[in-house]
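Spelled out from the first residue to the last, the chains are:
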Amino acid sequence: MKIIIAIACLLFSLSAFTQDKQKTSEIYIDKKGVMRWDDNNREASFYGVNYTVPFAHAYRALGYLNKDRKEAIDKDVYHFSRLGFNAYRIHIWDVEISDGKGQMIKNDHLDLLDYLIAKLRERNIRVLITTMTNFGNGYPERNQNNGAFSYLYDKCKIHSDANAIAAQKNYVSQLVTHVNPYTKLSYKDDPFVIGFEINNEPCHSDTPTQTESYINTMLDAIKKAGNKKPVFYNVSHNMDHVQAYFNTAIQGTTYQWYPIGLVAGHTRKGNFLPFVDSYNIPFANAKGFENKAKAIYEYDPADITYSYMYPAMTRTFRSQGFQWITQFAYDPIDMAWANTEYQTHFLNLAYTPAKAVSMAIAAEVAYTVPLNRKYEKYPNDTIFDNFHVSYNTDLSELNSPDKFFYSNNTTSDPSDINSLEKIIGHGSSPIVKYEGTGAYFLDQLESGVWRLEVMPDAIQINDPFAKPSLKKEVVTIAWNTWNMEISIPGLGENFTVTAINKGNVHNETSSGKSISVRPGVYLLTKSDYTPTKDWQAKTAWGNITLGEFVAPEAHAKTFSVVHSPAVAIEEGKPLQIEAQIVGAEMPDSVIIYTDKVSFWNDKNTYYKMNRTHSYTYRVTIPAEDIKEGKLKYNIIVCSNDKNYTFPSGMAGNPLDWDYTQAVYWESHATNAASPVSLFTVTDAYSDLETYIMPEWSRTDRKVINNNPAESPTLRITFESDAPSPRFFLRKYVKDVIAGRMSRLAQGKEICLHIKNAPEKLSIGFITGKGFTYTAIVNSKQGIQRIPLSALRQTHTALLPHPYPVFLDKYFEPDTQIPFSKADIESLEISFDGEKGKKAEIEIGNIWIE
């Protein structure tokens, strides 16, 4: 994928370029553990990302793809700036720049790190350097053992072995004094490096006393190297060593947050706002805690594509006093289409535009929400200050007098449209209506002149959290011309549109408030308005020049159809089928054939799909065509006298004499009066997730095939070494019941076929509001019927397990909300166990009738 990039000569008026003439401000940490600027004593606040092009898989993958790594850095750092980031953190893969004695090796990895730091400096972005990872460089590939010191010692012993400590002292002393050839400054003397974290997620397996000694030894080595910057240490691991951390002279502490676990292997669904409502630190009363600065070195709501989470998490961070917040990790633009770097994370402006806009909103939360401000408990904290987050509309939003940012379609009006200076959007709003699927930026340059930057369309075509491969595209990019209607008082109607990025010749005058726009950068000038400044592509503005533009070229070479069939539908009721269809061009037509068509028929029924907006096509199958049983169908894309049939993706048409692909999408049509099925045993997994609270342990699954007249059951055996464990079974059922809502509304009971039930078995649902409602099953055998009216609101188990491990295990609601069948999203079964003892449950079908 070739990248279009037009970067004019950078004429930034930044303090980063004038440090030789005036002192660049730096941070210090006051006696209360607050980071402040040394020139005005104001509180400092940082927000940004981790990003790893100089090292490990990202470095290698760009090589596999024959990409220039420095150009890649230029592109991504430009986007960091557009999203408003002022912070960058990296844990250096010490194995790639050191030998077995800790001697630093000057090589391409170090050169790229130096180059990256210099480029971040140009954009006024500060850096926190974690000096060591103390693990290999392979993931998701195999490690490449080069004999570096971190390969010579076990990660849990490297902080206590004398030879390992000697190598680390040698290494960190050289690292902090290393002179960056691009800035001509050592890391310890670069004001844009705010400090150092000693290592990434240390594992301390010896005594707390030894841990304290190790940290002090490293602090001493860094100090003797001449460092005067704050030094941070990770305190969210090794909980029995917490006081040892605070006994040392570290000035800052680092934490992470992965609220819904990691590496699910698929996209998770649900309302996770209760999961990020609080970040309670159980050792906040430890001696020394109160005078240490707090930084989030990594965080991410992993395995989701939603755009509502980042601002909510950042609000919680600010309420707990965090001043440095960096997400993990931003995907390099040249490889983000495959999401191979970290399968469980996915973030890039071009490829995940909604999430990226949400990050821009979260940055504003970090900069504007007062430190330690407390908020009400969810759901009463979804609107806070100038911000709004919503699970139902997958929206995060900033609406202040001068800024209006939204991650998805919004109906909100700007709070003060006449004071607006900046808009960042994805989707449509009352002031910008846009059909494309990329992000866009509108920046006021002066009262009658705005800069418009439009990113190309991003369309997800595969699950980005499934097993990754550089041979599999998960998001494709398309360039199309779309209508954009801009309703800004300062522009009015019939404004001029002037393309200013390299190679863009798309100029026009708006028709009223509407323009047709392709990806690129434009100057929008009010009709009959004379600008006070000669705005040109090379003009420096903020941290960019006006003509800069970075975007992937279109790389949808063939058609892709993204469609999820309804799981269960009802006989005799119309069925709406929707799909996202993208290719190198727009289709000429799209039709649906069922499996009933045949080459030998004189006439075959088909259903024509119509484009409703952007890449979305829909059709309604008439009620009389929905018969009981399986509905099997194909979607056929027609373009330039060629046909492509999906889901197989094969060229051709089911009516071709030689078409051989009997592959279909399927929906099961049932009698409208039949029960609403929630769970059926199909195999040992059966889409049923298992968890053990308070921590992971052992489970075993086995399908039990009973007599031919009885459906199979699933036997699950749990075992935990934790005291008083509780075992959970969960299944996301929103997709299963979506086509049965009329019957669901009539439902009175949840029915469970069970064998050998544990005592006090609990069954119920988690709703779209994130609340849990359960009732107790009293019998151990047979078909159990529990009235839905018996379900009572209870706490919500925060599963999958969050990291760090000390976080709350349950969300305890303050607000009582009545149970609603229409709001059901997940089925949950749970029961208590005993430490070291096996607990067994055997279940069959579960349904509502």
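Residues numbered from 1 in each chain as written. Predicted model: local features only at pLDDT ≥ 70, side-chain atom pairs only at ≥ 80, totals over all residues. Heavy atoms only, no water.

Engineer: Mind showing me how you'd approach the sheet that holds strand β20 (residues 440–446) here?
Structural biologist: The strand order across the open sheet formed by 10 strands is β14-β15-β16-β17-β18-β20-β21-β28-β25-β26, and the pairing between neighbours is mixed. Edge positions in the sheet fall to β14 (383–384) and β26 (508–509), since each has one partner strand and no second. With 4 bridges connecting them, strand β25 (residues 496–499) and strand β28 (residues 520–525) associate as antiparallel partners. When the bridges of β28 are listed, Thr-496 appears paired with Thr-525. Of the strands in this sheet, β18 (422–425), β20 and β21 (449–454) touch helix α2 (residues 69–82), which is tilted by about 130° from β21. Sheet contacts for helix α9 (residues 353–368): β14, β15 (387–390), β16 (395–399), β17 (403–406) and β18; angle to β17, the most-contacted strand, approximately 135°. (Pairing = 2+ DSSP bridges. Helix = DSSP H or I, 4+ residues; strand = E, 2+ residues; numbered from the N terminus. Contact = heavy atoms within 4.5 Å. Axes fitted to C-alpha atoms, helices over the stretch in contact; angles between N-to-C directions.)

Engineer: Any chance you could explain the side chain of His-57 here in plain terms?
Structural biologist: With respect to the helices and strands, His-57 occurs in helix α1 (residues 56–64). In this structure His-57 comes out as buried when scored by relative accessible area, which is 5%. A polar contact of 2.7 Å, which involves the side chain of His-57, links it to the side chain of Glu-141. Those residues in contact with His-57 that lie beyond four places of it in its chain are Asn-137, Gly-138, Tyr-139, Pro-140, Glu-141, Met-335, Thr-340 and Glu-341. (Buried < 20%, exposed > 50% of the residue type's maximum accessible area, 1.4 Å probe, protein only. Polar contact = N/O pair within 3.5 Å; in protein donor to acceptor, adjacent residues only side chain to side chain.)

Engineer: Before we go on, may I ask you to explain the sheet that holds strand β27 (residues 514–517) in this structure?
Structural biologist: Within a sheet, adjacent strands bond to each other through the backbone by hydrogen bonds, running parallel or antiparallel. Spatial strand order, β19-β24-β27: 3 strands in an open sheet with antiparallel pairing. Lying at the two open borders of the sheet, with one neighbouring strand each, are β19 (432–434) and β27. Averaged over all pairs of adjacent strands, the angle between strand axes in this sheet comes to 20°, irrespective of strand direction. Note that β19 and strand β24 (residues 482–486) share 3 bridges and pair antiparallel.

Engineer: Before we go on, may I ask you to explain the packing of aromatic side chains in this structure?
Structural biologist: Any pair of aromatic rings gets described here by the distance separating the centres and the angle formed by the planes. The full count for this structure, using the stated rule, is 51 aromatic pairs. Measuring from ring centre to ring centre gives 5.7 Å for Phe-149 and Tyr-171, while their planes differ by 55°; the resulting arrangement is tilted. Taken together, the residues span a long stretch of sequence, with Phe-149 in helix α4 (residues 149–152) and Tyr-171 in helix α5 (residues 162–177) at a distance of 22 residues. Judged by its relative accessible area of 0%, Phe-149 falls in the buried class. For Arg-69, the ring lying beneath its charged end belongs to Tyr-59, and the centroid distance is 3.6 Å. Sitting over the face of the ring of Phe-192, Arg-126 holds its NZ or CZ atom 4.3 Å from the ring centroid. (Phe/Tyr/Trp six-rings, centres within 6.5 Å; stacked < 30°, edge-to-face > 60°. Lys NZ or Arg CZ within 6 Å of the ring centre and 35° of its normal.)

Engineer: Would you mind going over the nonpolar core with me for this structure?
Structural biologist: In a soluble, globular protein the nonpolar side chains are often hidden away together inside. Counting residues in each nonpolar core, the largest one holds 183 residues, and the members touching the most others are Tyr-255 and Tyr-299. Ranked by residues supplied to this core, first place goes to α9 with 9 residues. Among the nonpolar cores identified, the runner-up in size contains 31 residues, and Tyr-406, Ile-431, Tyr-440 and Ile-515 belong to it. (Core = buried A, V, L, I, M, F, W, Y, C linked by side-chain atoms within 4.5 Å.)

Engineer: Got a minute to help me understand the pattern of salt bridges in this structure?
Structural biologist: Oppositely charged side chains can form a pair if their charged atoms are brought close together. Within the structure shown, the criterion is met by 44 salt bridges. In this structure, Glu-825 and Lys-734 form a salt bridge, with 3.3 Å as the shortest nitrogen-oxygen distance. One end of the pair, Glu-825, is in strand β54 (residues 824–832); the other, Lys-734, is in helix α10 (residues 734–737), and 91 residues separate them in sequence. Close ionic contact of Lys-769 with Asp-823 constitutes a salt bridge, the shortest N to O distance being 3.5 Å. Of this pair, Lys-769 sits in the loop between β48 (761–767) and β49 (772–777) while Asp-823 sits in the loop between β53 (810–811) and β54; the two residues are 54 residues apart in sequence, bridging distant segments of the chain. The exposure class assigned to Lys-769 is partly exposed, which follows from its relative accessible area of 37%. Residue classification places Asp-823 among the buried positions, given a relative accessible area of 17%. What emerges from the salt-bridge pattern is a single network uniting Arg-82, Lys-422, Asp-443, Arg-451 and Glu-453. (Salt bridge = Lys/Arg side-chain N within 4 Å of Asp/Glu carboxyl O.)

Engineer: Would you take a moment to explain the environment of Phe-679 for this structure?
Structural biologist: Residue placement: Phe-679 occurs in strand β42 (residues 676–679). A sequence separation of 164 residues divides Phe-679 from Ile-515, and the C-alpha atoms of the two residues are 50 Å apart. In this structure, Phe-679 is in contact with Ser-686, Leu-688, Leu-714, Lys-731, Leu-827, Ile-843, Gly-844, Asn-845 and Ile-846, ignoring residues within four places of it in sequence.

Engineer: What exactly am I supposed to notice about the state of the cysteines here?
Structural biologist: By definition, a disulfide links the sulfur atoms of two cysteines through a covalent bond. For the coordinates displayed, the defined rule picks out 1 disulfide. Through a disulfide, Cys-156 is tied to Cys-203; the S-S separation comes to 1.9 Å. Between Cys-156 and Cys-203 the disulfide shows an S-S torsion of about 90°. By sign, it is right-handed. One end of the pair, Cys-156, is in the loop between α4 and α5; the other, Cys-203, is in the loop between β9 (193–197) and α6 (208–224), with 47 residues separating them in the sequence. (Disulfide = S-S within 2.5 Å.)

Engineer: Just checking my understanding: could you explain the pairing of strand β43 (residues 689–693) for this structure?
Structural biologist: A large share of β43 lies buried, amounting to 5 of its 5 residues. Alternating residues of β43 divide into Glu-689, Tyr-691 and Met-693 and Thr-690 and Ile-692, and every residue in both groups is buried. Where β43 and strand β46 (residues 726–732) come together, 5 bridges link them in antiparallel fashion. Counted as the bridge partner of Met-693 is Arg-726 from β46.

Engineer: Even after reading the chapter, I still don't get the environment of Asn-601, so can you show me in this structure?
Structural biologist: You can see Asn-601 is positioned in the loop between β35 (589–594) and β36 (607–613). Residues Asn-601 and Leu-655, spaced 54 residues apart in sequence, show a C-alpha to C-alpha distance of 9.2 Å. There is a polar contact of 3.0 Å between the side chain of Asn-601 and the side chain of Asn-604.

Engineer: Just checking my understanding: could you explain unusual backbone geometry for this structure?
Structural biologist: Peptide bonds are, in most cases, trans, and in most cases residues other than glycine have a negative phi. A cis geometry characterises the amide bond from Phe-328 onward to Ala-329, with omega recorded as -5°. Structurally, Ala-329 is set in the loop between β13 (324–327) and α9. Here the residue pair Met-693 and Pro-694 is connected by a cis peptide bond, since its omega of 20° sits within 30 degrees of zero. Note that Pro-694 resides in the loop between β43 and β44 (698–704). Phi is positive for Asp-303, close to 65°, though the residue is something other than glycine.

Engineer: Sorry, what's going on with helix α8 (residues 309–319) here?
Structural biologist: Because an α-helix packs 3.6 residues into every turn, residues spaced three or four apart end up facing the same way. Taken across its 11 residues, α8 has 11 buried, putting it largely inside the fold. Phi for Gly-321, located one or two positions after α8, is positive at around 90°.

Engineer: How should I be thinking about helix α3 (residues 108–122) in this particular structure?
Structural biologist: Between its first and last C-alpha atoms α3 spans 21 Å; for 15 residues at 1.5 Å apiece the expected length is 21 Å, and the two agree. Across the 15 residues of α3, 13 count as buried, placing the element largely inside the fold. One side-chain oxygen of the residue at the start of α3 lies 3.2 Å from the amide nitrogen of His-109, identifying that residue as Asn-107. Of the residues flanking the end of α3, it is Asn-124, one or two places downstream, whose phi is positive at about 65°. (Expected span 1.5 Å × (residues − 1).)

Engineer: Even after reading the chapter, I still don't get the side chain of Asn-408, so can you show me in this structure?
Structural biologist: In this fold, Asn-408 is placed in the loop between β17 and β18. Within the structure, Asn-408 has its side chain in polar contact with the backbone oxygen of Asp-394 (distance 3.0 Å). Those residues in contact with Asn-408 that sit more than four places away from it in its chain are Ser-307, Thr-393, Asp-394, Leu-395, His-426 and Ser-428.

Engineer: Is there a simple way to think about the environment of Val-235 in this case?
Structural biologist: Following the sequence through the fold, Val-235 ends up in the loop between β10 (231–234) and α7 (242–247). The exposure class of Val-235 is buried, given its relative accessible area of 0%. Taking the C-alpha atoms as reference, Val-235 lies 9.6 Å from Gly-252; in sequence the two are 17 residues apart. If near-sequence neighbours (up to four positions away) are discounted, Val-235 is found in contact with Val-242, Tyr-245, Phe-246, Thr-253, Thr-254, Tyr-255 and Phe-283.

Engineer: Help me understand the packing of α5 against α6 in this model?
Structural biologist: When two helices pack together, you describe them by how their axes are tilted relative to each other and by the distance separating the axes. Relative to each other, α5 and α6 sit at 35°, their axes nearing to 8 Å. Here the hand of the crossing between α5 and α6 comes out right-handed. Of the residues in α6, those touching α5 at Ile-165, Gln-168, Lys-169, Val-172, Ser-173 and Val-176 are Gln-210, Tyr-214, Thr-217, Met-218, Ala-221 and Ile-222. Its residues placed into classes, the contact of α5 with α6 shows 7 nonpolar, 4 polar and 1 charged. (Left-handed = near helix turned anticlockwise from the far one by under 90°. Nonpolar A, V, L, I, M, F, W, Y, C, P; charged D, E, K, R; others polar.)

Function-wise, these values are silent; they only describe arrangement.
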